[in-house]
Amino acid sequence: MQLKAFSPVTGAMSSFEAQALLLDDPRVHPAEDALQQLGHALMNEVLDVFSETALEDFQSTICECLIGAFHSAAQRIEREADKARGDLNRFARDFDGSEIADTEMQAATQKARAADVATLALEMVRDAAAASYTTSTGDVWSPWKGSAKASRTTAAQIEAREAIRSAKARKHSAADPGAIIVAFRAAPQADTADDANRIFDALNWALVQWPQMALATTGAKGGEKIAIKWAKQKNVTLVLAKADFDRHGRAAPFRANDELIALEPVCVLTLTNTLNLERGAGLQPFGPALNLGQKAGDKGVRHVVIRTRA
């Protein structure tokens, strides 16, 4: 496999290709399409082996751990790049013009660049595997901890606690979701075609109102998974405030609402029940979605309830 110098679609060099060409390494790098194919092939193979077998009940856990492994590896290598950049800053600060100092600076520079390229490569494999997982199962992968930076194929996913800390510090970093947050909560049973159409309508409306918006949700099953799919399609930054049941027990969904409100959203969207009349018959409104709407009202935040079309 050889590094392709130019994208076959645009004719422009990608970030991965450009950074790889800067490396003083005689070995070639895998082509982008080969990295993406690796991610698709690994995930499809896992799904083929486990589907319709006794292990099918554990399929989602297995798949998410596989994707998470590439995510963890990318984060680990990225930390190595950050360490190399720290060394580079120290060498630059203490540079005395000697040959030894110059050699150390060059080595640190190459180490950081090589780690950056490796991080990008693993993120491509991760994103491709996640895309195949979503296509095959309808589920959406997201990291349990930390954040997944935006790429050409996925929206940025940011853990709410990181985003809150970043907002308080007013730092423009990878964990900063930006100033415009739209929060969304929906019932787990709101996963029908009727619900998906209205959720997409509501989020498209929000995107028109706030083109630089980030979408904040807990990532719970049902309507919120549909919203995550929308964010990925639109390449909208996704902020996740996942309910921590191990720590908070039954109060976890409501503690997650507190994190959503702490992000200071400009608007809160809620869907408290499925819009499919047949499925929704006899079902109670989803408490956490009602609760988020109440918290928004208490804070004077605009609250829009998603309903059927008039």
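Scoring rules and cut-offs
Residues numbered from 1 in each chain as written. Predicted model: local features only at pLDDT ≥ 70, side-chain atom pairs only at ≥ 80, totals over all residues. Heavy atoms only, no water. Phe/Tyr/Trp six-rings, centres within 6.5 Å; stacked < 30°, edge-to-face > 60°. Buried < 20%, exposed > 50% of the residue type's maximum accessible area, 1.4 Å probe, protein only. Helix = DSSP H or I, 4+ residues; strand = E, 2+ residues; numbered from the N terminus. Pairing = 2+ DSSP bridges. Right-handed = clockwise from strand over helix to strand, strands pointing away. Salt bridge = Lys/Arg side-chain N within 4 Å of Asp/Glu carboxyl O. Core = buried A, V, L, I, M, F, W, Y, C linked by side-chain atoms within 4.5 Å. Contact = heavy atoms within 4.5 Å.

Colleague: I tried to follow the packing of aromatic side chains on my own but got confused; where do I start?
Modeller: Taken as a whole, this structure holds 1 aromatic pair when the rule is applied. Measuring from ring centre to ring centre gives 5.7 Å for Trp205 and Trp210, while their planes differ by 85°; the resulting arrangement is edge-to-face. Relative accessible area serves as the criterion here: at 16%, Trp210 is assigned to the buried category.

Colleague: Sorry, what's going on with the pairing of strand β4 (residues 214-217) here?
Modeller: Regular strands place their side chains on alternate faces of the sheet. What you see with β4 is no split at all: Ala214 and Ala216 on one side and Leu215 and Thr217 on the other are buried throughout. With 3 bridges connecting them, strand β3 (residues 181-186) and β4 associate as parallel partners. Bridging across to β4, Val182 finds its partner in Leu215. As paired elements, β4 and strand β5 (residues 238-240) share 3 bridges and run parallel to each other. Considered in β5, the bridge of Leu215 is made with Leu238. Following the backbone out of β4, through helix α7 (residues 223-234) and into the adjacent parallel β5, one traces a crossover that is right-handed.

Colleague: Sorry, what's going on with the pattern of salt bridges here?
Modeller: Think of it this way: side chains of opposite charge can pair up when their charged atoms draw near. This structure, assessed with the given rule, holds 10 salt bridges. Asp87 is the partner of Arg90 in a salt bridge, and the nearest nitrogen-oxygen pair spans 3.5 Å. Residue Arg90 and its partner Asp87 are located together in helix α3 (residues 59-93), separated by 3 residues, close to a single helical turn. Residue classification places Arg90 among the partly exposed residues on the basis of a relative accessible area of 37%. As a salt-bridge pair, Lys295 and Asp258 come within 2.9 Å of each other at their nearest N and O atoms. Pair noted here: Lys295 is in helix α11 (residues 287-299) and Asp258 is in helix α9 (residues 252-262), with a separation of 37 residues, a long-range link.

Colleague: Even after reading the chapter, I still don't get the nonpolar core, so can you show me in this structure?
Modeller: As a rule of thumb, soluble globular proteins bury nonpolar side chains together. In terms of nonpolar packing, the biggest core is built from 28 residues, with Phe184, Met213, Leu215 and Leu269 touching the most fellow members. Those elements that place two or more of their residues in this core are β3, α6 (193-209), α7, β5 and β6 (267-271). Top contributing element to this core by residue count: α7, with 5 residues. In this structure, Met213 is in contact with Ile180, Val182, Ala206, Leu207, Trp230, Val236 and Thr237, ignoring residues within four places of it in sequence.

As far as function goes, none of this settles anything; it's purely spatial.
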